[in-house]
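# Observations on chain architecture
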Amino acid sequence: MICAKVYTPIDYLPIMIQSFVVLGFVVTTMIATHMLGPKRNTKQKLENFECGIEGMGNARSPFSVKYFVIAILFVLFDVEVIFLYPWAVNFKELGIQGFVGVVSFSALLLSGFGYLMLKGAFDWEK
Amino acid sequence: MENITSAIRIIPLEHYLFLCLALFSIGVIGVLFRRNTIVILMCIEMMLNSVNLLLAAFSSYRSDPSGQVFVFFIMVVAAAEVAVGLSILVMMKRNVDSIDINLLNKLKD
Amino acid sequence: MFSIITIAITGVLLLYLGFLKNRWIYISVAITGLITALALSVFSWNSLETSFSNMLIIDNYAIAFNSVMIFATILIFLLAPHYFKGIEKNVPEIYALLMFSLAGACMVTSFDNLTMLFIGIETMSIPLYILAGSKKFSIRSNEASFKYFIFSSLATAIFLLGITLVYGMVGSFHVGDISNYFTITKEIPSILKVGIVLLVISFGFKIAAVPFHFWAPDVYEGSPTLITAFMATVVKIAGFAAFYKLLSTCFILVPDSWHHLILGLSVLSLIIGNLAAIKQKDVKRMLAYSSISHTGFMLFAILSFNSFSASSLLYYSFAYALSTIAAFGVLMVVKNHMSADGSVQAFEGLAKKNPILAIVMTISMLSMAGIPITAGFFAKYYIFVSAIQGGWLWIVIIGILAALVGVAYYLKLIIAMFAKTSETEKIVTSPLYITSLLVATVLILIAGVLPNLIISLI
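Residues numbered from 1 in each chain as written. Chains lettered and ligands numbered in written order. Predicted model: local features only at pLDDT ≥ 70, side-chain atom pairs only at ≥ 80, totals over all residues.

## Some remarks on the overall build of chain B
- When you go through chain B residue by residue, the secondary structure sums to four helices and zero strands.
- Secondary structure elements of chain B, listed N to C terminal, follow the sequence α-α-α-α.
- Against the compact-globule benchmark of 13 Å for 109 residues, chain B has a radius of gyration of 18 Å, which places it well outside the compact range.
- Counting all 109 residues of chain B, 29% fall into the buried class.
- Across chain B, every contact between residues at least 6 apart in sequence was considered, and the portion connecting residues at least 24 apart equals 47%. (Helix = DSSP H or I, 4+ residues; strand = E, 2+ residues; numbered from the N terminus. Rg over C-alpha atoms; globule rule 2.2 N^0.38 Å. Buried ≥ 20, exposed ≤ 12 C-beta atoms within 10 Å, placed from the backbone. Contact = placed C-beta atoms within 7 Å.)

## A word on the overall build of chain A
- Each helix and strand counted, chain A has five helices and zero strands in total.
- Going residue by residue from the N terminus, the α and β elements of chain A occur as α-α-α-α-α.

## A short note on the confidence of the model for chain A
- Scored by pLDDT, chain A comes out at a mean of 82, with 78% of its residues at no less than 70.
- When mean pLDDT is taken per element in chain A, helix α1 (residues 13–36) of chain A scores highest with 93 and helix α2 (residues 43–46) of chain A scores lowest with 72. (pLDDT = per-residue confidence, 0-100.)

## As for unusual backbone geometry
All names here are of chain C.
- Of note, the bond from V210 into P211 is cis; its omega dihedral lies within 30 degrees of zero at 5 degrees.
- Of note, P211 is situated in the loop between α8 (190–206) and α9 (215–222).
- If you check the backbone angles, A208 has positive phi at about 60 degrees while not being a glycine.
- Along the chain, A208 falls in the loop between α8 and α9.
- One non-glycine residue, I373, lies in the positive phi region at around 65 degrees.
- Here I373 shows up in the loop between α15 (355–369) and α16 (375–389).

## Quick look at the interface of chain B and chain C
- Each partner contributes to the interface: chain B provides 31 residues, whereas chain C provides 32 residues.
- If you tally residues by element for the side of chain B that touches chain C, the top one is helix α4 (residues 66–96) of chain B, at 15 residues.
- Residue composition of the side of chain B that touches chain C, grouped by class: 22 nonpolar, five polar and four charged. (Nonpolar A, V, L, I, M, F, W, Y, C, P; charged D, E, K, R; others polar.)

## Here's the deal with the environment of L117(C)
Residues and elements named next belong to chain C.
- Its place among the elements puts L117 in helix α5 (residues 114–132).
- With 25 C-beta atoms counted inside 10 Å, the residue L117 sits in the buried group.
- Taking C-alpha positions, L117 is 9.7 Å from A105, a pair spaced twelve residues apart along the chain.
- With near-sequence residues (within four places) excluded, L117 lies in contact with V108, F111, A242 and L246.

## So, the packing of helix α3 (residues 60–83) of chain C against helix α4 (residues 91–109) of chain C
All names here are of chain C.
- Direction vectors running N to C along α3 and α4 enclose 165 degrees, while the axes themselves pass 9 Å from each other. Judged on the interaxial angle alone, α4 and α3 are roughly antiparallel. Pair α3 / α4 crosses with right-handed handedness. Contacts from A62, F65, N66, M69, I70 and T73 in α3 reach L98, L102, A105, C106 and T109 in α4.
- A breakdown of the residues in the contact of α3 with α4 according to their chemical character gives eight nonpolar, three polar and no charged. (Axes fitted to C-alpha atoms, helices over the stretch in contact; angles between N-to-C directions. Parallel < 35°, antiparallel > 145°, perpendicular 65-115°, else oblique. Left-handed = near helix turned anticlockwise from the far one by under 90°.)

## Describing helix α3 (residues 37–62) of chain B
- An ideal rise of 1.5 Å per residue puts 38 Å on 26 residues; α3(B) measures up with 38 Å between its terminal C-alpha atoms.
- Trailing α3(B) by a residue or two, S63(B) shows a phi angle of about 50 degrees, which is positive. (Expected span 1.5 Å × (residues − 1).)

## Focus on the confidence of the model for chain B
- The predicted model of chain B averages 88 in pLDDT, with 96% of residues at 70 or higher.
- Among the scores for the predicted complex, ipTM is 0.94 and pTM is 0.89.

## Overview of helix α5 (residues 91–119) of chain A
Residues and elements named next belong to chain A.
- A rise of 1.5 Å per residue sets the reference length of α5, with its 29 residues, at 42 Å; its end C-alpha atoms lie only 35 Å apart and thus fall more than 12% short of the reference.
- Its maximal kink placed at Q97, α5 deviates by approximately 70 degrees.
- Looking one or two residues past α5, G120 carries a phi angle of roughly 85 degrees, positive in sign. (Bend = angle between axes of the 7 residues up to and from the residue.)

## Considering the packing of helix α1 (residues 2–17) of chain C against helix α2 (residues 23–43) of chain C
Residue and element names in this part refer to chain C.
- Two numbers describe how α1 lies on α2: the axes approach to 8 Å, and their chain directions differ by 175 degrees. By the angle class used here, α1 and α2 are roughly antiparallel. Together, F2, S3, T6, I7, T10, L13, L14 and L17 of α1 and I25, Y26, V29, A30, G33, T36, A37, L40 and S41 of α2 make up the contact between the two elements.
- Taken together, the residues that form the contact of α1 with α2 break down as eleven nonpolar, six polar and no charged.

Rendered as structure tokens:
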């Protein structure tokens, strides 16, 4: 699959040329539209487009972070799964001892999950 | 597996070292000088991940899997740390309505 | 090993017991769990045990430090019901987090593999970030929590880079393999030296040694006082035990690469810690700086590796933990009574308001200053003896001068307590609270009269 070829800097020349072309195209078009296009700024034009409804207030006002707790908990429980991979790969070699270890690990994790349920961390309607 | 290890070994070890140290230094500088707390959290993550990269490189150069297992532990701890860090940030935001670190100056000599 | 498991399971149990909403149930379960853990720890004395595929090695060194830390936590838990009186929300969670942190601290002292050291340090620190911010609506507590989080994470990252560089050169995380590497290899690569220096710096952060101390006064001041007491005792002792063990087992053969650093940390901590403590008006902040200066003294044990330094470090930790808990215990009551005023003036007339508290505080201050018949005297004495045996006479002279400066600010507080004031309203405390403080005080005196009990252990 991967041939152990030794790369020298000259092998990367096509990538460099391509990135120059891409950058050059983007920059040129941006400058060209700025120079060529007419500019007639009026108040209506500068306003945010809100589907015909008049804009009001600041768009950056705070909003509810109800899902914050769930997002954080997802990250935590998601990452803990990482420990199951090495065990799954060596399932046969680790034998009963590895099984007991993983079960106790999962039990601890589940006890944390049970605590969260009882505590009401997953109640949306609160 | 052998293929991945040999592919990693195509690049000399020094290059990994320099890359990781550069990433790490960028992280340290970010933590010390940036004012936005979320950026600070990201910089801490970057430092931890640069260490992960270096560990993986060392591990495949030495053909010793324990370095890669260590990476797992670092990843889990980093997730836990970031969860706590973000929670602290939300708590702070509720009280001072900002995430600018310069507002944290109540404790002084 | 079983004591660590007991502590962790008690923590999980406390989380669930919190739903019962009865504060006496969870404090009694917590203390029962801790006493069981202490007993399990003490009964495994002299039985060398390696567990978790050589990740942990529980020798007498680890057992001694674990017992001191578990005992300190018991004293702190005895103070807790009075401290949290009137607060119902989230108290069992705070207890559980303290338990998890203690479990991490016990792992740190008994590591046999750098992976375990890393996991232990993180298990110890992550609950503390939350605990430091456990006064949710106080901006100062938030600030303390965030500062602790940032600087501790920075230290963790530096620590990891150090471990990685060591691993890259040695090829193993195992303590035995690392020390073998140094016996075989004569020419040490410079990357390895950088790794060792990074490890020393990260531990400097964790134990709050100057110049990596700047977070400590802020964090100690902003956190709830009970948590500060835990941080200043258990976490610091665990940090020192791990630091000593790391350097004495892994890097003892290459002292050139870290000796000068420790020397600098120690001298700077002594000088700056003491000088900054003098000008503090807030007692909590003063205790924070005094804790930094104690770091300087405790680093002497690491400077002079000999057969005596481990036991002198243990004795110093024990004396320091007892007097710190007593001091913070009195501070909590006084601060509560004076409506959150923790300045030296708040202590005026304490001898009239509550003589027991005044006596406890006096003895703990005398112990911190190192006046004879308290444990603090022999703590300093043994650590100086150990340093002189290692050939560090001039640094002992600096230490003695620093101790003399220290007497000044400890005496300032004692004088304030016995000063006359017009206000003579009595301060009331709960019996459990007084018991904890008196146990600490009596042990300070016992350890001060019979130092051989502890010094001959390891």
